[in-house]
Amino acid sequence: MSLALRATPLAIGFLTSIAGVWLAAGSSIAAPAPSPFLRLTGAEPGDRFGVSVSAAGDVNGDGFPDVVVGAEWSDADAVNAGRAYVYFGGPGSDDVPDVTLQVPMVQARALTGYAVAIAGDLNGDGWKDIAVGSPVSQFMGRVFLYWGGPSLDAISDRTLSGLRSLEFFGAALAGIGDATGDGYDDLWVGAPRFVPVNASTTRVGRGYLFRGGPDADGVVDVTFEARPVGGITSELQFGTSVASAGDVNHDGF
């Protein structure tokens, strides 16, 4: 997996035979695409480094946008345990990870880094934070949060947990801004393999909203349910992907 950044920035991912992430200098969209000035490469073949990428947020407070990269099949800690890496932006940017994010409990095949997001200021301290999805961790899935700022380190500051075994909680992540109108940024988490209790359906999917703020407790605040599509209720996999859509209905939120 590779990725190039252009003006504003624009991020474009594409598959290659050798996993990596390409960073390119900004330019106008009308100009010829710039050549990558830096290539980030995974630590080992087959680790799917670059399967998820989040850019354009300043997580260490130095005034430059940074990049978070997931490698869901990394074997560095255990077989397919996965990893996520942070690369700081700025004039001295290089291809060496500045922070290798750690998780509270290493588990084989947890797929940590399946999804990553620079998720806005979730704890209300003025710095952008990082979310890393690990959809098979503890079999229910977990999301690890890392508070940004000059003191950013590799240790997770909060853990969000799935509600149902094998629901693939953390497969999709998005910082959605202040969706609840309380002045703090919020986080949306997808669980596309969720199945209701005693249901005959399979992999219906769900979405969860976690409110931000200094008093946020990591408990689900809003649950989003899938609606049948054309009478189909199975394999909807609602929550496979998510994006902040802005104020679509112009109500101020």
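For the structure, see preceding data.
A brief look at the structure comes next. Each chain carries its own residue numbering, running from 1 in the direction its sequence is written. Under the rules for a predicted model, residues below a pLDDT of 70 receive no local features and side-chain atom pairs below 80 are neither given nor counted, while totals for whole chains, interfaces and linings still include all residues. Working from all heavy atoms in the structure, the side-chain values ignore hydrogens and water.

Looking at the overall build of the protein
Helix and strand assignments follow DSSP, with helices taken as H or I runs no shorter than four residues and strands as E runs no shorter than two, numbered in order from the N terminus. Helices and strands together make up the secondary structure of the protein, namely zero helices and 16 strands. Only protein chains enter the accessibility calculation, which uses a 1.4 Å probe; a residue whose area is less than 20% of its type maximum is buried, one above 50% is exposed, and one in between is partly exposed. Looking at the protein residue by residue over its 253 residues, the buried ones come to 43%. Put simply, of all contacts in the protein between residues at least 6 apart along the chain, 45% involve residues at least 24 apart. Surface accessibility follows the Shrake-Rupley procedure with a 1.4 Å probe radius. Residue values consider only the protein chains on display as shielding. Accessible area of the protein: about 12100 Å², with a carbon and sulfur share of 55%. Contacts are assigned to residue pairs that have any heavy atoms within 4.5 Å of one another.

Points about the pattern of salt bridges
Each reported salt bridge corresponds to a side-chain nitrogen of Lys or Arg within 4 Å of a carboxyl oxygen of Asp or Glu. The full count for this structure, using the stated rule, is four salt bridges. As a salt-bridge pair, Glu72 and Arg48 come within 2.5 Å of each other at their nearest N and O atoms. Taken as a pair, Glu72 in the loop between strand 6 (66–71) and strand 7 (83–87) and Arg48 in the loop between strand 4 (36–41) and strand 5 (49–57) lie far apart in primary sequence, 24 residues in all. Under the relative-accessibility criterion, Arg48 is labelled partly exposed at 33%. A salt bridge links Arg83 to Asp77; its shortest N-O distance comes to 3.0 Å.

Things to note about the side chain of Ser134
You can see Ser134 is positioned in strand 10 (residues 130–134). Within the local environment of Ser134, its side chain forms a polar contact with the backbone oxygen of Ala110, the two atoms lying 3.3 Å apart. When sequence neighbours within four positions are dropped, the list of residues in contact with Ser134 reads Ala110, Leu111, Thr112, Gly141, Arg142, Phe144, Phe169 and Gly170. Nitrogen and oxygen atoms within 3.5 Å of one another constitute a polar contact, given that in protein one can donate a hydrogen and the other can accept it, and given that sequence-neighbouring residues count only through two side-chain atoms.

What to know about the nonpolar core
Nonpolar cores are built from buried Ala, Val, Leu, Ile, Met, Phe, Trp, Tyr and Cys residues. Side-chain atoms within 4.5 Å join them into one set. Judged by nonpolar contacts, the single largest core of 17 residues is most densely connected at Val143, Leu145, Phe169 and Leu187. Per-element accounting of this core gives the leading share, three residues, to strand 14 (residues 187–191). Among residues more than four places away in sequence, those in contact with Leu187 are Ala119, Leu122, Ala131, Val143, Leu145, Leu160, Ala174, Gly175, Ile176, Tyr208, Leu209 and Phe210. Grouped together as the second largest cluster of nonpolar side chains are 14 residues, Val86, Val99, Val132 and Ala154 included.

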